[in-house]
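Examination of the molecular architecture
Here are the chains, one letter per residue:
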Amino acid sequence: MTSPAAKGTIHGIGLGPGAQDLMSVRADRLVRGAQHVAFFRKAGRPGQARRIVEGMLRRDVIEFAMEYPVTTEIPVADPRYNDRLSGFYAECTDHLAALSATGEDVVVLCEGDPFFYGSFMHLHSRLTGIAPVAVVPGITGMSGAWTASGAPITWGEDVLTVLTATMPEDELVRRIGDTDALVVMKIGRHLPKLRRAVAAAGRGREAWLIEYAAMPDQRVTRLSDADAVAPYFSILLIHGQGRRP
């Protein structure tokens, strides 16, 4: 009796903040050796994760671009938003699981760390129990941002809070005022709201905006001097000023 073929592994690979030489040795090895590579992107765009690995993939690689059906076109609170994304993630899961069932390994490219505000998490929860899944951690975008700022983010017993700018403005104000050190992600078109929240919390002079951290067009500016619109790859920082020897 012939035993069934072993299933292939779905690898969620953390690529780090945007520079190839900030990837781990394990991530580099898996990316370069992959026959099947999957990545998320907005329709009509090459995709940031795919851009990071340009020149690293083998010549006979088979690519699977997972194009979001919606990004900012529908408000997050609209039930259609979750419905469309849920169906999208289910379709991606089916495709990856089918490859795994044939014994093929698949590398899923993930910006930053796969388990930190990443789309791969939605695949991981669906694939668990269906196909073997392995995760390679990566340097987070926020680590790249505070390194780019040239100053430590926390000292002593500083409390670090990580927020997303998609939160309600009053909640942003409360949490910004309650913490020592701050990271705010997912800024984009929410920058005006975030500016107001930072000012209302009395932290305007401490805030920095880091754009494209660890990428060729990296930019570090005080929030007060930043442009009216922030690119997608932007992170706001407020550095802690806690105990030090």
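Located above this text is the structure these notes cover.
These remarks concern the structure in this document. (Residues numbered from 1 in each chain as written. Predicted model: local features only at pLDDT ≥ 70, side-chain atom pairs only at ≥ 80, totals over all residues. Heavy atoms only, no water.)

Along the protein chain, the regular secondary structure elements total 7 helices and 10 strands. A globule of 245 residues ought to have a C-alpha radius of gyration of about 18 Å, and the protein chain, at 20 Å, matches this closely. Judged by the C-alpha coordinates and their principal axes, the protein chain covers about 70 × 45 × 35 Å. Pairs at least 24 residues apart make up 69% of the contacts formed inside the protein chain by residues separated by at least 6 positions. Accessible surface computed for the protein chain: about 12,700 Å², of which carbon and sulfur atoms make up 53%. Side chains of the protein chain give 27 positive and 27 negative charges; the mean places of these two sets differ by 1 Å. (Helix = DSSP H or I, 4+ residues; strand = E, 2+ residues; numbered from the N terminus. Rg over C-alpha atoms; globule rule 2.2 N^0.38 Å. Contact = heavy atoms within 4.5 Å. Areas by Shrake-Rupley, 256 points an atom, 1.4 Å probe, with all protein chains shown as cover. Lys, Arg positive; Asp, Glu negative; His and termini not counted. Charge placed at Lys NZ, Arg CZ, Asp CG, Glu CD.)

Summed over all chains, the structure comprises 7 aromatic pairs. Relative to Phe88, the ring of Phe40 lies with its centre 6.1 Å away and its plane at 65°, an arrangement referred to as edge-to-face. Linking Phe40 in strand E2 (residues 36-42) with Phe88 in helix H3 (residues 79-101), this pair joins segments that are 48 residues apart in sequence. Its relative accessible area of 7% is what places Phe88 among the buried residues. An aromatic cluster is defined as three or more aromatic residues linked by ring pairs; in this entry it consists of Phe40, Tyr68, Phe88 and Tyr89. Positioned above the aromatic ring of Trp155 is the side chain of Arg244, whose terminal nitrogen or guanidinium carbon lies 3.7 Å from the ring centre. (Phe/Tyr/Trp six-rings, centres within 6.5 Å; stacked < 30°, edge-to-face > 60°. Buried < 20%, exposed > 50% of the residue type's maximum accessible area, 1.4 Å probe, protein only. Lys NZ or Arg CZ within 6 Å of the ring centre and 35° of its normal.)

By the definition in use, this model includes 13 salt bridges. Note that Arg243 and Glu157 form a salt bridge whose closest N and O atoms lie 2.7 Å from each other. Linking Arg243 in the segment after strand E10 (234-238) with Glu157 in the loop between helix H5 (141-149) and strand E6 (160-164), this pair joins segments that are 86 residues apart in sequence. By relative accessible area, which is 57% here, Glu157 ends up exposed. The salt bridge partner of Arg174 is Glu171, with a shortest N-O separation of 2.7 Å. A residue pair is termed a helical-turn pair when its members lie 3 or 4 positions apart in one helix, as Arg174 and Glu171 do in helix H6 (residues 169-178) at 3 residues. Taken together, the salt bridges that share partners define one network made up of Glu171, Arg174, Arg175 and Asp178. (Salt bridge = Lys/Arg side-chain N within 4 Å of Asp/Glu carboxyl O.)

A word on the packing of H6 against helix H7 (residues 191-200). For the pair H6 and H7, interaxial distance at closest approach is 8 Å and the crossing angle is 40°. The angle between H6 and H7 falls in the class oblique. In this structure, the crossing between H6 and H7 has a hand that is right-handed. When H6 is examined against H7, the residues Glu169, Leu172, Val173 and Ile176 are found in contact with a partner set consisting of Lys193, Leu194, Arg196, Ala197, Val198 and Ala200. Its residues placed into classes, the contact of H6 with H7 shows 7 nonpolar, no polar and 3 charged. (Axes fitted to C-alpha atoms, helices over the stretch in contact; angles between N-to-C directions. Parallel < 35°, antiparallel > 145°, perpendicular 65-115°, else oblique. Left-handed = near helix turned anticlockwise from the far one by under 90°. Nonpolar A, V, L, I, M, F, W, Y, C, P; charged D, E, K, R; others polar.)

All right, on to the sheet that holds E2 then. Picture the strands of a sheet paired through backbone hydrogen bonds; they go either parallel or antiparallel. The strand order E3-E2-E4-E1-E5 describes an open sheet built from 5 strands, whose pairing is parallel. Edge strands, defined here as strands with exactly one partner in the open sheet, are strand E3 (62-68) and strand E5 (133-136). On average, each strand axis in the sheet is inclined to that of its neighbour by 25°, with strand direction left out of account. Sheet topology places strand E1 (residues 10-14) next to E5; 4 bridges connect them, and they run parallel. Bridging from a neighbouring strand, Ile10 pairs with Val133 of E5. (Pairing = 2+ DSSP bridges.)

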